[in-house]
Amino acid sequence: MTVKLTINGKDIEAPEGTTVLQAAEMAGISIPRLCDHPHLTPYGGCRLCVVEVAGAPTLQPSCTLPVTQGMVVQTDTPKIAEARKLLLTLLFSERNHFCMYCQMSGGDCELQNAAYGEDMTHWPLQPNWQPYPVDASHKHFVLDHNRCILCRRCVRACGELVGNFTLGVQERGPASILVADLDVPLGQSTCISCGTCVQVCPTGALIDRLSAYRGRETEIQHIKSICAGCSLGCGIDLVVRDNHLLRIDGDWDAPVNEGVLCQKGRFLPLQEERERILTPLVRKAGTLKAATWIEALDRVTDKLKPLIGQNGRGVAALASTRLSVEALHSFKQLFAEKIGSEMVTSIEEGVTTALPGRVAQELGRSFEGNLSALKTADCVFAIGTDLIDSHQLAGFFIKRNLPKGIKLIVVDPNDNDLHELADFSLRPKKGSDYDLLLGLMAETGQMEVKRGEPAQPVDLSKYRPGEVSRTTGIPAEMIRAVAQLLASAKSPAFVYGKGVTRGGFPIVLLALLDLARLVGALDAEHSMILSVKGEANSLAAYQYGLDKTFEIKDQGVVYLALGDDYASARLVRRVERVPFKIVQASYVSPATAIADVVLPVEMWAEEEGHYLNLEGRLQEVHRGLTPPEEVRSHVDILEAIAAQLDFSLDPGWRNELEKRVPPNALMV
Ligand SMILES: Nc1nc2c(c(=O)[nH]1)N[C@H]1C(S)=C(S)[C@@H](COP(=O)(O)OP(=O)(O)OC[C@H]3O[C@@H](n4cnc5c(=O)[nH]c(N)nc54)[C@H](O)[C@@H]3O)O[C@H]1N2
Ligand SMILES: Nc1nc2c(c(=O)[nH]1)N[C@H]1C(S)=C(S)[C@@H](COP(=O)(O)OP(=O)(O)OC[C@H]3O[C@@H](n4cnc5c(=O)[nH]c(N)nc54)[C@H](O)[C@@H]3O)O[C@H]1N2
Ligand code: SF4
Ligand code: SF4
Ligand code: SF4
Ligand code: FES
Ligand SMILES: [Mo]
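Remember, it's a predicted structure, so these values are computed and weren't measured experimentally. (Residues numbered from 1 in each chain as written. Chains lettered and ligands numbered in written order. Predicted model: local features only at pLDDT ≥ 70, side-chain atom pairs only at ≥ 80, totals over all residues. Heavy atoms only, no water.)

Is there a simple way to think about the overall build of the protein in this case?
Helix and strand counts for the protein stand at 22 helices and 27 strands. Relative to the 2.2 N^0.38 estimate, which gives 26 Å for 668 residues, the radius of gyration of the protein is 28 Å and therefore close to what a compact globule would have. With respect to the three principal axes, the spread of C-alpha positions in the protein is 85 × 70 × 50 Å. By residue count, 58% of the 668 residues in the protein fall in the buried class. Accessible surface for the protein amounts to roughly 28000 Å². Of this, 51% is attributable to carbon and sulfur atoms. The positive charge centre, built from 68 side chains, and the negative charge centre, built from 82, are 3 Å apart in the protein. (Helix = DSSP H or I, 4+ residues; strand = E, 2+ residues; numbered from the N terminus. Rg over C-alpha atoms; globule rule 2.2 N^0.38 Å. Buried < 20%, exposed > 50% of the residue type's maximum accessible area, 1.4 Å probe, protein only. Areas by Shrake-Rupley, 256 points an atom, 1.4 Å probe, with all protein chains shown as cover. Lys, Arg positive; Asp, Glu negative; His and termini not counted. Charge placed at Lys NZ, Arg CZ, Asp CG, Glu CD.)

Structure below.
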């Protein structure tokens, strides 16, 4: 239903349920606001957004006022201007808003901007001099209560977007104050350091430590890109000044995360302490020495040339799954197709992707859905994945809906912080997931509400709760209750991770798919099942066949395209005894220390290209920083090596992404 109304004499049509503020905005009429935020539930607290409505005796806050048929609204009358000025005057005088000392002054503060918008240059009230505390206990940001206007954006963001509910407001009226938990310092609170509150704060009350006082809106650049922290692929906004990364904000327009980030995406990349590699290095008389690109590439190609086509055994090559799609494509072409090596894989060794990939190949179609399943489900079944620790945004999607009554079932034999949030926390004995899933199927299959048929013929009569309880250690009652919950859910969703994929056995996954079919979460048309993968480009690595177990036999050369990834002690141990080691890396590490040639390469914020996220969404990454002079891109380096070996690499990475049946329908 659309509603017709007029705003400032302009005829406007808006869908029912729209607020006056949103309707005005859709018609290009802007109304000042402070507590309102497009990604948060309207609160109606600050009253800056007031409008005149014909027939209403008082001014009305437009951010909470729904449009009604025939409504006549004015947004800019002398009466409104007076009300806004009074409101701003009160806000400025309540606490210490001496703007010249604030990081946000000069364009970044929504309170200051609102005052300038009303042509205010001063306020006629004596400020209230009461000093408020500054909470500097948090490692990533500072809360200065003196600048807080109690708009509660941070409170709503922490609850509605992150599902963490750390922040609240204590006391009432003038004594109101923002608190963490039951009033503990932020640094000692349940805060998980995602920084979403900092991003939504309209004033200088919440500012991050690193970017504070290092540049204002007018002096900085914004570059939209994609987080490389995990396979979710959250949209980020790189805040850059003079080729320095000051801050990472969430991109409000990004489809995956809609503005929200986790600590790994927002803060940790700014705390990089590793030493950068600035020139090629070549081992001479036992020690690594700076070299020219010509020298380094000659050393590399001299070693690789004799190995071409040598039964594919001469060189082992391993790439990080943080590399761009383009880089992974060049990598597998050079080593697998041109040089013809059999041992070409990625750092994840297919542990997160090979199993779902194989099942998709066998089914002949992709079976996984997308992240919206986790956002819209009324019951989530999480098995073998820790969404509190890894893929945190996926965890936020679930956590934020728990107060709305969605149910969470967690299956993990080990400690996993998701257990604490679960309605049903199942810790089956190791190796008994299959029995548990069949037990749930047997029970669900008995129920009236069952919605689909399993694809595998299994005799479920052997999997009654009594028997399954013995093999899994889960009480029969609990198995019945979980089956009941799954069967009665309107839109159940399933999410699985390394706990299921690591074993590499399809039976657990096939049983999981059957359980999903039975409760209506998977059929030919739709899928409410999804797996979390590993790093930013796990899925692309799988699509290009980089999913083998990394095995060193008698290869004479190993090539590690590490990029900015970490080199684990395990990896170093595995390659140590290979006679000649080439490492393409951004930072000094135990792997570069044992290398014979080190090729300096761009780190994530310098790269251009694409990532394919866990749901098959192809996203473009943009260069935020200019790399140091001697540092090259992965694709440049691989192409240079190929050229010296008389090969040319084909740039057709996009078509080749679909050569294998992917677990997810690719959004390319
Ligand atoms: N913030 C953040 N995000 C990350 C990463 C990170 O380091 N930080 N790493 C990324 C990478 S590389 C990866 S691979 C992914 C990993 O993401 P996930 O797939 O979520 O992997 P884990 O966090 O290892 O959680 C796997 C869970 O499976 C459980 N498990 C183990 N064996 C079994 C079993 O037999 N049955 C069942 N039911 N459960 C079992 C384990 O106890 C563990 O809790 O996360 C990625 N995302
Ligand atoms: N058998 C078996 N093989 C596997 C897997 C498996 O589960 N089982 N998993 C596969 C997967 S999904 C992956 S991703 C790879 C992982 O393979 P590796 O990369 O070899 O192993 P990780 O344990 O992830 O090593 C990451 C290293 O980086 C370091 N590190 C990570 N973050 C930081 C940081 O912020 N600061 C510092 N200083 N150090 C850091 C860690 O200390 C660790 O040494 O292994 C794959 N292979
Ligand atoms: S950083 Fe995240 S978890 Fe911590 S208080 Fe802010 S929104 Fe909540
Ligand atoms: S800290 Fe910022 S976002 Fe939170 S209530 Fe105060 S002004 Fe609003
Ligand atoms: S959830 Fe993953 S992609 Fe999103 S911000 Fe965190 S690390 Fe980055
Ligand atoms: S923006 Fe509407 S009351 Fe604050
Ligand atoms: Mo991983």
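I keep staring at the site of ligand 5 and nothing clicks. Help me out?
Contacts to ligand 5 come from Cys227, Gly229, Cys230, Leu232, Gly233, Cys234, Leu261, Cys262, Lys264, Gly265, Gln392 and Leu393. Residue assignment for the shell around ligand 5 shows that the elements contributing at least two residues are α6 (263-266) and α11 (392-399). For the shell around ligand 5, a count of residues per class yields seven nonpolar, four polar and one charged. (Near = heavy atom within 4 Å. Nonpolar A, V, L, I, M, F, W, Y, C, P; charged D, E, K, R; others polar.)

Would you mind showing me how to read the packing of helix α7 (residues 293-304) against helix α21 (residues 634-644) here?
When two helices pack together, their arrangement is captured by the angle between the axes and the distance separating the axes. At their nearest, the axes of α7 and α21 sit 10 Å apart, and the two run at 60° to each other. For the element pair α7 / α21, the angle class is oblique. Crossing hand, α7 versus α21: right-handed. Residue-level contacts link Trp293, Leu297, Asp298, Val300, Thr301 and Leu304 of α7 to Ile637, Ala640, Ile641 and Gln644 of α21. (Axes fitted to C-alpha atoms, helices over the stretch in contact; angles between N-to-C directions. Parallel < 35°, antiparallel > 145°, perpendicular 65-115°, else oblique. Left-handed = near helix turned anticlockwise from the far one by under 90°. Contact = heavy atoms within 4.5 Å.)

Just checking my understanding: could you explain the sheet that holds strand β1 (residues 2-7) for this structure?
Strand pairs in the sheet, formed through backbone hydrogen bonds, run parallel or antiparallel to each other. With mixed pairing, the five strands of this open sheet are ordered in space as β2-β1-β5-β3-β4. Of all the strands in the sheet, the pair left with one neighbour each is β2 (10-15) and β4 (60-61). Each of β3 (50-53) and β5 (71-74) touches helix α2 (residues 78-94); the most contacted strand, β3, lies at about 155° to it. (Pairing = 2+ DSSP bridges.)

Explain a nonpolar patch on the surface to me, please; I cannot follow it from the model alone.
Residues Leu86, Leu90 and Leu125 make up a contiguous nonpolar surface patch of about 260 Å² in total accessible area. Mapped onto the elements of the fold, leucine 125 is located in the loop between α3 (110-117) and β6 (134-135). (Patch = residues over 30% accessible without salt bridge, like charges linked within 9 Å, V, L, I, M, F, W, Y side chains within 5 Å. Salt bridge = Lys/Arg side-chain N within 4 Å of Asp/Glu carboxyl O.)

For this particular structure, what's the right way to read the packing of helix α13 (residues 433-446) against helix α14 (residues 465-472)?
It is the contact of α13 with α14, at a shortest axis distance of 9 Å, that shows an interaxial angle of 165°. When the axis of α13 is compared with that of α14, the two are roughly antiparallel. Considering the relative orientation of α13 and α14, their crossing is left-handed. For the pair α13 and α14, contact is made by Asp435, Leu436, Gly439 and Glu443 and by Pro465, Val468, Thr471 and Thr472, respectively. Looking at the contact of α13 with α14 residue by residue, the classes come out as three nonpolar, three polar and two charged.

Help me out: how do you make sense of the environment of histidine 140 in this one?
Of note, histidine 140 is situated in the loop between β6 and β7 (141-144). Those residues in contact with histidine 140 that lie beyond four places of it in its chain are Ser193, Asp208, Arg209, Gln263, Phe267, Leu268 and Gln271. At a separation of 2.9 Å, a polar atom in the side chain of histidine 140 contacts the side chain of glutamine 263. (Polar contact = N/O pair within 3.5 Å; in protein donor to acceptor, adjacent residues only side chain to side chain.)

Any chance you could explain the nonpolar core here in plain terms?
It is characteristic of soluble globular proteins that their nonpolar side chains tend to be buried jointly. Among the nonpolar cores identified, the biggest contains 96 residues, and Phe381, Phe494 and Trp604 are the most heavily contacted of them. Ignoring any residue separated from it by four or fewer positions in sequence, one finds phenylalanine 381 in contact with Ile409, Val411, Leu437, Leu440, Leu486, Ala493, Phe494, Val495, Leu512 and Leu515. Grouped together as the second largest cluster of nonpolar side chains are 46 residues, Ala291, Val325, Phe335 and Trp653 included. (Core = buried A, V, L, I, M, F, W, Y, C linked by side-chain atoms within 4.5 Å.)

I tried to follow the packing of aromatic side chains on my own but got confused; where do I start?
For any pair of aromatic rings, the description consists of the separation of the ring centres together with the inter-plane angle of the planes. Scanning the entire structure with this criterion turns up five aromatic pairs. Where phenylalanine 381 meets phenylalanine 494, the ring centres are 5.2 Å apart and the plane angle is 45°; that geometry is what we call tilted. With phenylalanine 381 in strand β18 (residues 379-383) and phenylalanine 494 in strand β21 (residues 492-496), this residue pair connects regions lying 113 residues apart in the sequence. Assessed through its relative accessible area of 0%, phenylalanine 381 is described here as buried. Residue class for phenylalanine 494 comes out buried when judged on its relative accessible area of 1%. (Phe/Tyr/Trp six-rings, centres within 6.5 Å; stacked < 30°, edge-to-face > 60°.)

What is shown is where atoms sit, not what they do.
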